[in-house]
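# A look at the structure
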There are 2 protein chains.
Amino acid sequence: MAPLADLYQVSMAYGHWRAGRQRAPAAAELFFRRPPFRGSFALGAGLAEGLRGLRAFRFSAADVAYLRSVLPSTIDDAFFDYLATLDASEVTVTAIPEGSVVFARVPFLQVKGPLLVVQLLETTLLCLINYASLVATNAARFRLLAGPDMKLIEMGLRRAQGPDGALSASKYSYIGGFDCTSNILAGKLYGIPVRGTIAHSFIMSFRCLEEVQPRGLQGLPGAFSRLDIPILAPEQRGFIPWSISVASSGSAPAAPRSPDVGPQGWSSSAGGVSPERGRGAEFPPLLLPPLWDQPRTQGNSRCQHWVMAKSLPTRSPKSSTGRRRQNAQLWGGFRVFCLFSADFHQLPPQRGHRFPSLLPQLVEVNGSPCLKLTEDEEKMTIPGMKAIYRLYDAAGHPFMDLMALEEEPSPSAGQELGIRVLGRLEETTKVIPTTVESLHRTYFRDGQVCEPLPSLPEVRTHAQVSLNLLSPAHRRLHEPQPYPVAVTERLHQLFLELRQGS
Amino acid sequence: MAPLADLYQVSMAYGHWRAGRQRAPAAAELFFRRPPFRGSFALGAGLAEGLRGLRAFRFSAADVAYLRSVLPSTIDDAFFDYLATLDASEVTVTAIPEGSVVFARVPFLQVKGPLLVVQLLETTLLCLINYASLVATNAARFRLLAGPDMKLIEMGLRRAQGPDGALSASKYSYIGGFDCTSNILAGKLYGIPVRGTIAHSFIMSFRCLEEVQPRGLQGLPGAFSRLDIPILAPEQRGFIPWSISVASSGSAPAAPRSPDVGPQGWSSSAGGVSPERGRGAEFPPLLLPPLWDQPRTQGNSRCQHWVMAKSLPTRSPKSSTGRRRQNAQLWGGFRVFCLFSADFHQLPPQRGHRFPSLLPQLVEVNGSPCLKLTEDEEKMTIPGMKAIYRLYDAAGHPFMDLMALEEEPSPSAGQELGIRVLGRLEETTKVIPTTVESLHRTYFRDGQVCEPLPSLPEVRTHAQVSLNLLSPAHRRLHEPQPYPVAVTERLHQLFLELRQGS
């Protein structure tokens, strides 16, 4: 398979090669210009896949032959021979660990290597990391909205951009805090717990109550096993299929923890999280009601991932905003709560919001920092290879990310720092961090992944830890306090010099 | 690889199996409830991939073992043995040819087979056909907006849902009428012409004009070859890289057809369409301007496909709506036109519109038609296996799609038909079609594709032919006239009987 690359990258590579700059040392970075979903943060995800893409980066003989056939005949033939020699063996990648909270304008990932290869890798990395980070971020926002106890299921397979778009959605929504997926393949490949509800077509395949066999809730404890569910709720069309599914799945949830938990048997703990606990016990697969009475919003498939959640009858659903309490239905003492549609834009308060995507940016060539000049200060780049620090306050919340030149000494905890905050660069700000964390680790060197990569559940746990560290003001979904990002005085000086020199 | 299936499908399959209904003959169909993008039509696409998915449909021993491990332990073991025997060998699929215009509520595809298998196939078909049809439809709308001459490039690789989402976008935007893609892999796999512009990072890698070498437009005819492009336009920062790219690609377009065509050399014909014509001549890869001054809207990545188009200087861009003429820039006598962002929602007049997705619907079980009862007439299903006819008027435009029971004789051209139009079922309407086309063909039978599948360029051509047949009132992008869909009197009677019987 050819590298994930756009033709213009190859054309630019030719430009570099013609100018003899192909091996000029270069550095580039990926970052969000603005936080997605009108929040204050993103979750960085897709790193492991991006690194795999890097390791596999190579133009095969067939790829080169193909490029020869489509590029202009005037292109120097030696260029194609050169393409065939390329790989990522001279590339170094540093990044924030996968699942970490990342902020706008702070590089999530930095790539160093020969200019030509660094530019060719842009699309590979963006394709594997951009969507991953957006899905994980959105999932994290749903988790914050739903609170820690509610179960969140990703059910996007039917509406994704084909099989691997769906697999990515399952994986990265799990990382972001979802509990499970309906996608069997994602369960099989990644060990994500699989769960589901029932489809319209199942309901429609029963034309009358007599066709419903068996009718009791077999295998359930106590009185439930003796109920004739179809008779019990003949008027409640929407719920008959629900009882059918309980009956015909024959599932046997563990004995509920309290008498009012009932056949749904969902635990109020986050017990469905671990893939090892999949086997039927607390969370039988067929226990959500059918989707007859979906609100119109469900038809919204812009991002094409549904989410459903259900709470226990004894707990009324809580969320950080208190909104979206629709679709709470009461039946037989059980409150069934569905959070419809994980459309990226629907989670309040971001309706209609356009979310940004990751940007790649060249920051250094031949040892000289690059600056993108633009009228719009927000669009200016921060030049040079950087070290990134997260500064924590006494309460343990991160309060600022600080970018420094790579060669600067790292700031110390308890030390007063004079820094410049992006957005008000004209003034110096003094801060004293209680703790300082160096964010980037080196993940790729000499063509190999050089840092152990955590498992999927580990990344998922790290994401929740990372989110929980945020102060409530930065974490909230609705009009969060912007998270300040700063540069050191030296980095600011470099920026000024470059701007003056242009 | 496990079939593309959701867990709830397997659970429902168990429900059928427990009830002894697994082999009940059943029929289901896929359709849009409403046309996407506020248009009147969709393009049906993804059929070939859907059929491949059907042929491959099978639970391997490993898949079955996995399902055993995640489903409740109370499930009868014989069910898993049964799952291992399943394939699509008893399934029949009829569909409208890929690339055809399809209308809301008219089945694009019908599946017949054993109930349990038909329901298991739902997700496979939706996953492979839904996104394909939406991309192709959106691309067709851009083609209508841009007119026949403008070149449209798909550049979504960086923002897609991973590699195969990007490949699907390339393929189905090509089917819908785009000319080319920036995605090298899509070019290599599908023969789609590959083209591109240049990235920010290429521009940023040059820090001064002196670094730009070579500086002329080598290989170009006439005066262009003697220009020193960087000197020519020192103030026009946005265009220097453009000239650099021309220079360093060394491309040599064919002699322009008219003196004012210049170095871009784009033909005003649709000459870039055929993949066989890729080699440099009319449409060199590096001749679009950089994206420095993108409007804000470009940041919109909800559907994540950019589109760019460029017109010849002597022709002012035309479109069916006359809008979106921004970004037309004039330089050295060349008009460069960029249509930014193929966001599904941005093409006027559909800003902010939520597009529907394909729905699956069971229409018959055990020889009895199924009806979905709902308050909302729009959501009612049309029961039974159907034959679908497209009725044409004397001008050659389709004016109505007609659904009939499979066993009804087909309507004849020139014959007066008494039909019921959906949305006003209470009255009979008389129509006399000049031509009648039977829309569905049988594509899959006995586990095999049984109808030759057209090549990608053939599907693309068919799509344009199908679109061109539409009357201007139905084809227009802004507030099109709704396309009427009708049922025969017999189908309507069946509907009434079923509704009464419920």
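Residues numbered from 1 in each chain as written. Chains lettered and ligands numbered in written order. Predicted model: local features only at pLDDT ≥ 70, side-chain atom pairs only at ≥ 80, totals over all residues. Heavy atoms only, no water.

## Remarks on the overall build of chain A
From N to C terminus, chain A includes 13 helices and 20 strands. Of all 502 residues assigned to chain A, the portion counted as buried reaches 65%. Contacts in chain A between residues far apart in sequence, at least 24 positions, make up 73% of those at least 6 positions apart. Total accessible area computed for chain A in this model is approximately 17100 Å², and 52% of it derives from carbon and sulfur atoms. (Helix = DSSP H or I, 4+ residues; strand = E, 2+ residues; numbered from the N terminus. Buried < 20%, exposed > 50% of the residue type's maximum accessible area, 1.4 Å probe, protein only. Contact = heavy atoms within 4.5 Å. Areas by Shrake-Rupley, 256 points an atom, 1.4 Å probe, with all protein chains shown as cover.)

## What about the UniProt feature "domain: Nicotinate phosphoribosyltransferase N-terminal" (unreviewed entry) in chain A?
What UniProt calls "domain: Nicotinate phosphoribosyltransferase N-terminal" (unreviewed entry) maps, in this numbering, to residues 5-130 of chain A. Taken end to end, residues 5-130 of chain A is 44% helix and 17% strand, and its two terminal C-alpha atoms sit 15 Å from one another. (UniProt positions renumbered as here; feature names shortened; annotations may be inferred.)

## Quick notes on the sheet that holds strand β16 (residues 424-431) of chain B
Adjacent strands of a sheet pair through backbone hydrogen bonds, lying either parallel or antiparallel. Residues and elements named next belong to chain B. The 6 strands lie next to each other as β16-β15-β20-β14-β13-β17, forming an open sheet whose pairing is mixed. Looking at which strands have only one partner, the edges of the open sheet turn out to be β16 and β17 (435-438). Direction aside, neighbouring strands of the sheet carry axes that sit 35 degrees apart on average. As judged from the 4 bridges shared by strand β13 (residues 386-392) and β17, these two strands associate in the antiparallel manner. The partner of Arg-390 across the bridge, within β17, is Glu-437. (Pairing = 2+ DSSP bridges. Axes fitted to C-alpha atoms, helices over the stretch in contact; angles between N-to-C directions.)

## Re the packing of aromatic side chains
Residue and element names in this part refer to chain A. Taken as a whole and assessed by the stated rule, the structure comprises 14 aromatic pairs over all chains. Members of the aromatic cluster, connected to one another through ring pairs, are Tyr-14, Trp-17, Phe-79 and Phe-80. A cation over an aromatic ring shows up here: Arg-460 above the ring of Tyr-174, its NZ or CZ 4.7 Å from the ring centre. (Phe/Tyr/Trp six-rings, centres within 6.5 Å; stacked < 30°, edge-to-face > 60°. Lys NZ or Arg CZ within 6 Å of the ring centre and 35° of its normal.)

## Description of the nonpolar core
Grouped together as the largest cluster of nonpolar side chains are 95 residues, with contacts concentrated most on Val-10, Leu-67, Phe-79, Leu-83, Val-91, Leu-109 and Leu-120 of chain A. The element contributing the most residues to this core is helix α5 (residues 115-146) of chain A, with 17 residues. Other than its neighbours up to four places away in sequence, Leu-109 of chain A contacts Ala-28, Glu-29, Leu-30, Leu-47, Val-93, Thr-94, Ala-95, Leu-125, Ile-129 and His-440 of chain A. Core analysis: the next-biggest nonpolar cluster, separate from the first, contains 92 residues, Phe-57, Val-91, Val-118 and Cys-370 of chain B among them. (Core = buried A, V, L, I, M, F, W, Y, C linked by side-chain atoms within 4.5 Å.)

## Topic: the packing of helix α1 (residues 7-18) of chain A against α5 of chain A
Residues and elements named next belong to chain A. Packing of α1 against α5 leaves a shortest axis separation of 9 Å and a crossing angle of 170 degrees. Relative to α5, the element α1 is oriented roughly antiparallel. Contact residues: α1 offers Gln-9, Val-10, Met-12, Ala-13, His-16 and Trp-17, while α5 offers Leu-115, Leu-116, Gln-119, Leu-120, Leu-121, Glu-122 and Thr-123. Among the residues forming the contact of α1 with α5, the class breakdown is 8 nonpolar, 4 polar and 1 charged. (Parallel < 35°, antiparallel > 145°, perpendicular 65-115°, else oblique. Nonpolar A, V, L, I, M, F, W, Y, C, P; charged D, E, K, R; others polar.)

## Topic: the confidence of the model for chain A
Residues and elements named next belong to chain A. Looking at chain A as a whole, the pLDDT averages 73, with 67% of positions reaching at least 70. Confidence, expressed as mean pLDDT per element, reaches its minimum in chain A at strand β9 (residues 328-331) with 25 and its maximum at strand β4 (residues 101-102) with 98. Our summary of model confidence lists the complex with pTM equal to 0.78 and ipTM equal to 0.76. (pLDDT = per-residue confidence, 0-100.)

## Describing the side chain of Arg-390 of chain B
Residue and element names in this part refer to chain B. With respect to the element layout, Arg-390 can be found in strand β13. At a separation of 2.8 Å, a polar atom in the side chain of Arg-390 contacts the main-chain carbonyl oxygen of Val-101. Leave out the neighbours within four places in its chain, and Arg-390 touches Val-101, Val-102, Phe-103, Pro-398, Met-400, Asp-401, Thr-435, Val-436, Glu-437, Leu-439 and Tyr-483. (Polar contact = N/O pair within 3.5 Å; in protein donor to acceptor, adjacent residues only side chain to side chain.)

## Remarks on the environment of Leu-109 of chain A
All names here are of chain A. Tracing the sequence through the fold places Leu-109 in strand β5 (residues 109-114). Classification of Leu-109 as buried rests on a relative accessible area of 1%. Between the alpha carbons of Leu-109 and Arg-475 there is a distance of 22 Å; along the sequence they are 366 residues apart.

## Considerations on unusual backbone geometry
Residues and elements named next belong to chain B. The phi dihedral of Arg-38 falls on the positive side, at around 55 degrees, and the residue is not glycine. In this structure, Arg-38 sits in the loop between β1 (25-32) and β2 (42-43). Looking at Arg-38, the relative accessible area reads 44%, which means it is partly exposed. Positive phi, close to 45 degrees, is recorded for Glu-479, a residue that is not glycine.

## Regarding the sheet that holds strand β12 (residues 368-369) of chain B
Residue and element names in this part refer to chain B. An order of β12-β11-β1-β5-β3-β18-β19 is seen for the 7 strands of this open sheet, with the pairing classed as antiparallel. Where the open sheet ends on each side, the last strands, each with one partner, are β12 and β19 (448-449). As paired strands, strand β11 (residues 358-365) and β12 are joined by 2 bridges and run antiparallel to one another. The partner of Val-365 across the bridge, within β12, is Ser-368. On top of the sheet, helix α2 (residues 47-55) reaches β3 (92-95), β5 (109-114), β18 (441-445) and β19; it is set at about 25 degrees to β18, its chief contact.

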